[in-house]
Amino acid sequence: MQARKDRRPQGLGVFNVLDDELLCGILNQLAPRTLGTLACVSSVFYILCNEEPLWMQLCLHQHHGGVLQFQNSWRHSTLLKLGFVKEGTTTFKPPMHFDGFSSLLLYRRWYRCHVVLDSFAMDKGVIDRREQLSLKDFQAFYDGKKPVLVTDLTKEWPAQKTWNLKQMVDRYGDVAFKVSQSHGKKVKMKLKDYASYMQSQNDEEPLYIFDSKFGEVAPTILQDYSVPSIFSEDLLALLDKQIRPPFRWLVAGPARSGASWHVDPALTSAWNALLSGRKRWALYPPGRVPPAVIVHVDEDDGSVNFDGPTSLQWWLDVYPTLRQEEKPLECTQLPGETIFVPSGWWHCVLNIDPSIAVTQNFVNTTNLELVCLDMAPGFHHRGVARAGRLAIAESVMRTGKKDPADHQALAANTVGHRVRSVAMEGHEHVENGKQPNGCGEVLNHENESLLLDVDFLVQHTEEHSNHFLSNTSKAGYLERTELRDWLRRLWKYRPDLHQCIWKCACMALDAGTWLQRVMCICESYGLSKPVGEEQLPVGNGSNPVYLVGNHVIKLCLKEDGTLAAINGLRSQLQFYHELVQSKSSLRNCVPTLIATGILIKDGEEYRVLPWDGTSECPSVNQVEKVGKKRQQDVAEDDKITCRAKWSDSQIEKEETSMGQCNGSVNMRTSKEEEPILWPFLVEKRCEGTNLTQLLHAMTKVDYVNLAFFLGEQLRLLHSLPAPSLSARCDTAKLIRKESSAGDGHVRQANGSKDLMCNSNTWCVRAHAVNQLDLAVMVKSHNCRTEKSSLCNIPIEWQYFVGFLREQRANATERFLEWESMPCKLLEQLQSYLPEDPVVLVGGLQICDGVAEMSQPPVWLHMDIMADNIQMVPFSGDNSVPHLVDISKVTCGNTITHTCSQSEETSHETDARRNFSLNCLLKLNLPCAGDPLFELLALYVSVFKCDQVLLECFLKSYGVPLSTHHSNGKGLDGTAICKQLTGQDSTSLSYRAMCYCLLHEQDIMGAILKHRKDLRMAASLEEVEEKLWAVLNEWETEFTAMDIK
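Residues numbered from 1 in each chain as written. Predicted model: local features only at pLDDT ≥ 70, side-chain atom pairs only at ≥ 80, totals over all residues. Heavy atoms only, no water.

A. Focus on the overall build of the protein. Within the protein one finds 36 helices and 31 strands. Here the protein holds 1044 residues, and the buried ones make up 56% of them. Expressed as a percentage of contacts within the protein between residues at least 6 apart in sequence, the contacts between residues at least 24 apart total 79%. Put simply, the protein shows about 44,900 Å² of open surface, and 50% of that area lies on carbon and sulfur atoms. (Helix = DSSP H or I, 4+ residues; strand = E, 2+ residues; numbered from the N terminus. Buried < 20%, exposed > 50% of the residue type's maximum accessible area, 1.4 Å probe, protein only. Contact = heavy atoms within 4.5 Å. Areas by Shrake-Rupley, 256 points an atom, 1.4 Å probe, with all protein chains shown as cover.)

As structure tokens, then:
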């Protein structure tokens, strides 16, 4: 028999040197049209370019919002979506077949796509199966200890009879649920389309429904089940729904789908109730990293991620290679059974049959301390809780702490160290044929329980870590503000847990240390001492804020260091001085200032020095010494990679591109240099309730009147006289003197991101730094060539422009990190923004290479958000100013009425006014800049993108926001912007849109949450038109009125 000719060399040509995995990876990066062309090159490329997994990834990548439709195949669905195939086309030429080509990679993929899992059901009884499990027994034997299967918790649920695919489609077929892969992005599919996909697909990693908002899109589905009584204690339920992290999911998928290895977020516990189908579970105890899984813990932000194969790949490729003592705890979950997964346990799930389940994560008394500790700043303790002994050795190396004798066994078998990075793959080294932490011994192994012992994990946290400033606090399970709010609510509603809650606050917030500082301030000014919940900080910013009696105590912190905090307080005091001197009625809406000063650390005690901001700061020499040492530490620290990775078999060192480590480890200590002084201020506490707590009670009329009132107050704020140039120059001398201490944290106006800086500090006092020559991209007057011209930015605009330039330099990176903007809009970002955002501000004029601004900056509040607005009960008439059409307002509650009520009564009820504004809080960041920038947070946080409210605000504001007026002497910013981007920088809508894209917060992400229709926009210009065109209309109307 004649041997078949191998098609590979001729069919691939020079690409034959690449292995199939790399070749498929390259094809995955190509556009659909390019793949179609490449498929015509040879028979081998035809085979590779027509693989369904390839077209599945292409289709998902091309999906930019809306509902995904799967038709016939992923290739057909992609071509249909791109318009290459007409709607309704269902016939294709049958695929061509070729001999003489084989690929182990493609065969394994094909096998995973078609494997039947009936034989995968197995249960050795290592996980208890219980019936009629009481709360007492659950707490005694399982909660926080080990998994358990409970067989009778769903017997009374309606879902037991109705949660099958057919009935679910009948009831919710037109509802769109979120679907995803374990390693892919989430998209939406209607349930009827997904059911059709489930029945026809043969995907290697099928899409499965994993939707945390199923109760919001299909509210009646929540009536089909109830939380089992043994899991009913859920302390996170005290949070408002809109800020509570995702906690419940509808889970549905075909056979072969599932969840890869992971630990539930923030070490929460979970229960999973299966209503149809079967699931195979595998579990490892805390700290026992599953074979072939890598744990990534990022030092920069403390985030924890897991890399590993899909659940099907793990069972097919990894599981058969494990020794018996290396295998996980396993069980097969049957319909009607509920499995409990304790905090910190690794688990992996594979659907044997098409399955439907509901799952929920919760925090109860048992794991409260663990969850709070996991949200504490730092990353070592998070790594230890998940990677166990593999992370402990590195933590010991970095902190210099040695494990107590009781715990040294946990680190005894670590095979090596690395500088700030550990990577271990495969499964761990086994000595004498025995796995040290094998699951055969797990339930009797004493050391395993230590890995999730709070007192043990605390030893691996950063000593005196700063919750308010640490980047590792920002991306936690709860944001910093939400964590503070949650602890205060727990204190209020669970007095039985006060001792536990205080311990949690000390671990997560370092509350004990901050309370000691606040007590010193209270004693110095004869204020009442904090009691009860007053001992816990409040607020949404990076400054510790305490409500003590009738006073508010704020300690000033800055990521840039102590000098920046001092200058920040100086800026605020300067603003208060201007406010008092102007005798503006704005004073009635700003908290009354009682005292200001500097809190100084004196050994183990603290003392207070009064300071009014006009003189040199006390003890500045002490700050200089700290600044010099910190600058040296930071310089050395920047040479070392900031990421740690743990898996289960080997350790490899990662070097940075900045240099090799030559055996001597030079790194930051676990305890960062603590500041030796803290600026502070004491204000009179404003009466009323925070707007964020009144969202359920605010009516539409309340919001309309609030918009008009805010317009009046911001007009007053923006009308305040800016500090005189001489005052700024005097301040500059003092700042330069203090900055010479070597703190290394002063932002330069060129926006260099090589400096350690925080955009929150761009205050008016920083405008007084030395003038710098700044490069501005402009064109010559004849517009023939583009060149870089050095322009002298006016001193009052330098800091604002520097901030915008820094934001412009990393705009794409920020949106990639946030993952909030649709890909098609993100692709347009660079071309939409001006190359130099200086053209957006101040009426820029370029005369002989020198920048002139026709308008000075104004005072900005910079943080007018819902949580900085204090409301009081309203008493007065319910009139709606300026005859606003209340029916068009989307903010505020619509008061429902019964059929028996008349329409007249309904309108009267809708027009009811409950609250009015009393005070604007948090004026600790006043700065100078473009008044248009002030609108962003206001529009999103307070008005919820309601354009009627924005119009009300503008009418009340009553002064133009445009700052662009040409003097006819040079090339103005409008001409520059038009030449470089094709956009009109004088357009208010364009400037507002650019400020959204350049904001330090994810303003665009928040806007897209309120205006989901904008996610379907084809361009950023379309978003600008729909979002901000009202600004242009108002400016035109205002100009016309002004002319008259």
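B. Here's a closer look at a positive patch on the surface. On the surface, a cluster of positive charge is made up of Lys-188, Lys-213, Lys-1009, Lys-1012 and Arg-1015. Take Lys-213: it is sitting in the loop between strand E5 (208-211) and helix H12 (214-217). For Lys-213, a relative accessible area of 39% corresponds to the partly exposed category. (Patch = residues over 30% accessible without salt bridge, like charges linked within 9 Å, V, L, I, M, F, W, Y side chains within 5 Å. Salt bridge = Lys/Arg side-chain N within 4 Å of Asp/Glu carboxyl O. Lys, Arg positive; Asp, Glu negative; His and termini not counted. Charge placed at Lys NZ, Arg CZ, Asp CG, Glu CD.)

C. Broad picture of the pattern of salt bridges. Going through the model one piece at a time under the given rule, you end up with 34 salt bridges. As a salt-bridge pair, Arg-278 and Asp-118 come within 3.9 Å of each other at their nearest N and O atoms. Placement of the pair is Arg-278 in the loop between strand E8 (269-276) and strand E9 (279-284) and Asp-118 in the loop between helix H7 (104-114) and strand E1 (129-130), with a sequence separation of 160 residues. Residues joined in a network through salt bridges with shared partners are Glu-51, Arg-109, Arg-112, Glu-204 and Asp-317.

D. Inspection of the pairing of strand E19 (residues 605-610) at higher detail. As judged from the 6 bridges shared by strand E18 (residues 593-602) and E19, these two strands associate in the antiparallel manner. Along E19, the bridge assignment pairs Leu-599 with Val-608. (Pairing = 2+ DSSP bridges.)

E. Molecular detail of the packing of helix H34 (residues 988-998) against helix H35 (residues 1003-1010). The geometry of H34 relative to H35 is characterised by a closest axis approach of 7 Å and an angle of 110 degrees between their N-to-C directions. By the criterion of interaxial angle, the relationship of H34 to H35 is roughly perpendicular. On H35, the residues touching Met-993, Cys-996 and Leu-997 of H34 are Ile-1003, Met-1004 and Ile-1007. Among the residues forming the contact of H34 with H35, the class breakdown is 6 nonpolar, no polar and no charged. (Axes fitted to C-alpha atoms, helices over the stretch in contact; angles between N-to-C directions. Parallel < 35°, antiparallel > 145°, perpendicular 65-115°, else oblique. Nonpolar A, V, L, I, M, F, W, Y, C, P; charged D, E, K, R; others polar.)

F. Quick look at the nonpolar core. Residues Leu-710, Ile-869, Phe-953, Met-1004 and Trp-1028 are the most contacted members of the largest nonpolar core, which totals 90 residues. By residue number, the principal contributor to this core is H34, which donates 9 residues. In contact with Met-1004, other than residues within four places in its own chain, are Phe-815, Met-821, Met-993, Cys-996, Leu-997 and Val-1023. In this structure, Ala-159, Ile-209, Val-251 and Phe-340 belong to the second largest nonpolar core, which totals 65 residues. (Core = buried A, V, L, I, M, F, W, Y, C linked by side-chain atoms within 4.5 Å.)

G. Looking closely at the packing of aromatic side chains. In total, this model carries 39 aromatic pairs according to the counting rule given. Across from the ring centre of Trp-55, 5.7 Å away, lies the NZ or CZ of Arg-75, which sits over that ring. Between the NZ or CZ atom of Arg-280 and the centre of the ring of Tyr-319, over which it lies, the distance is 5.3 Å. (Phe/Tyr/Trp six-rings, centres within 6.5 Å; stacked < 30°, edge-to-face > 60°. Lys NZ or Arg CZ within 6 Å of the ring centre and 35° of its normal.)

H. Seen up close, the confidence of the model for the protein. Overall, the predicted model of the protein reaches an average pLDDT of 76, with 72% of residues at or above 70. Within the protein, the lowest mean pLDDT, 32, falls on strand E23 (residues 773-779), and the highest, 98, falls on strand E13 (residues 338-341). Of the regions scoring below 50 in pLDDT, residues 623-646 engages in 77 contacts with residues more than four places distant in sequence or in other chains. Scored below 50 in pLDDT, residues 725-791 shows 170 contacts in the model against residues more than four places distant or in partner chains. (pLDDT = per-residue confidence, 0-100.)

I. Local environment of the environment of Pro-335. Relative to the elements of secondary structure, Pro-335 occurs in the loop between strand E12 (329-333) and E13. When its relative accessible area of 44% is taken as the criterion, Pro-335 is described as partly exposed. Once the C-alpha coordinates of Pro-335 and Ser-355 are considered, the two residues, 20 residues apart in sequence, prove to be 8.8 Å apart. When neighbours within four sequence positions are excluded, Pro-335 is seen to be in contact with Leu-274, Leu-275, Ser-276, Gly-277 and Arg-278.

J. Fine view of the sheet that holds strand E29 (residues 915-920). In spatial order, the strands read E22-E28-E29; together these 3 strands make up an open sheet with antiparallel pairing. Pairing within the sheet leaves two strands with one partner each, and these edge strands are strand E22 (689-690) and E29. Of the strand pairs in this sheet, strand E28 (residues 869-873) and E29 are connected by 5 bridges, and their pairing is antiparallel. Paired with Ile-869 across the strands is Leu-920, a residue of E29. Packing against the sheet, helix H24 (residues 700-719) makes contact with E28 and E29, and its axis sits at approximately 30 degrees to E29.

K. The arrangement of the side chain of Arg-256 in detail. Note that Arg-256 resides in the loop between strand E6 (248-253) and strand E7 (258-262). In this structure Arg-256 is buried but unpaired, with Asp-203 as the nearest side chain of opposite charge at 6.4 Å. Within the structure, the side chain of Arg-256 is placed 3.0 Å from the side chain of Gln-201, a separation counted as a polar contact. Within the local environment of Arg-256, its side chain forms a polar contact with the backbone oxygen of Asp-203, the two atoms lying 3.0 Å apart. (Polar contact = N/O pair within 3.5 Å; in protein donor to acceptor, adjacent residues only side chain to side chain.)

L. Representation of unusual backbone geometry within the structure. Unusually for a residue other than glycine, Gln-132 sits at a positive phi of about 55 degrees. Checked against the element boundaries, Gln-132 lands in the loop between E1 and helix H8 (135-141). Phi angles above zero are rare outside glycine, and Cys-945 is one such case at about 65 degrees. Looking at the secondary structure, you find Cys-945 in the loop between helix H31 (935-942) and helix H32 (947-957).

M. Structural detail: H7. Every buried residue of H7 is listed here: Leu-106, Arg-109, Arg-112 and Cys-113. All buried residues of H7 project into a common sector of 125 degrees when viewed along the axis, lining one side. Packing partners of the buried residues in H7 comprise helix H2 (20-27), helix H4 (43-49), helix H5 (52-62) and helix H13 (311-318). (Arc of directions from axis to C-beta.)

N. Just the sheet that holds E7, in detail. Spatial ordering of the open sheet is given by E7-E14-E9-E12, a layout of 4 strands whose pairing is antiparallel. Two strands lie at the open edges of the sheet, namely E7 and E12, each paired on one side alone. The mean angle between the axes of side-by-side strands here comes to 20 degrees, regardless of whether they run parallel or antiparallel. When E9 meets E12, the two strands line up antiparallel, connected through 5 bridges. Residue pairing for E12: Lys-279 is matched across the bridge by Gln-333.

O. Expanded view of the pairing of strand E21 (residues 677-684). Burial analysis of E21 places 7 of its 8 residues in the buried class, which makes it a mostly covered element. Of the strand pairs in this sheet, strand E17 (residues 551-555) and E21 are connected by 5 bridges, and their pairing is antiparallel. Counted as the bridge partner of Lys-554 is Leu-681 from E21. One ladder, built from 7 bridges, connects E18 with E21; its direction is antiparallel.

P. Molecular detail of the environment of Cys-506. Mapped onto the elements of the fold, Cys-506 is located in helix H20 (residues 498-509). Along the chain, Cys-506 and Leu-373 lie 133 residues apart, while their C-alpha atoms are 9.3 Å from each other. Setting aside residues up to four positions removed in sequence, Cys-506 forms contacts with Ala-511 and Gly-512.

Q. A look at the environment of Tyr-493. Inspection of the secondary structure puts Tyr-493 in helix H19 (residues 480-493). Since its relative accessible area comes to 49%, Tyr-493 is described here as partly exposed. Taking the C-alpha atoms as reference points, Tyr-493 and Leu-235, 258 residues apart in sequence, are found 9.9 Å from one another.

R. Inspection of a nonpolar patch on the surface at higher detail. Side chains of Leu-104, Tyr-107, Trp-110 and Tyr-111 sit close together on the surface and give an oily, nonpolar patch of about 460 Å² of accessible area. Given a relative accessible area of 55%, Leu-104 falls into the exposed group.

S. A look at the state of the cysteines. Here the structure, examined in full by the defined rule, presents 0 disulfides. Of all cysteine sulfurs in the structure, the one in Cys-945 sits closest to Cys-996, which takes part in no disulfide; the separation is 8.5 Å. (Disulfide = S-S within 2.5 Å.)

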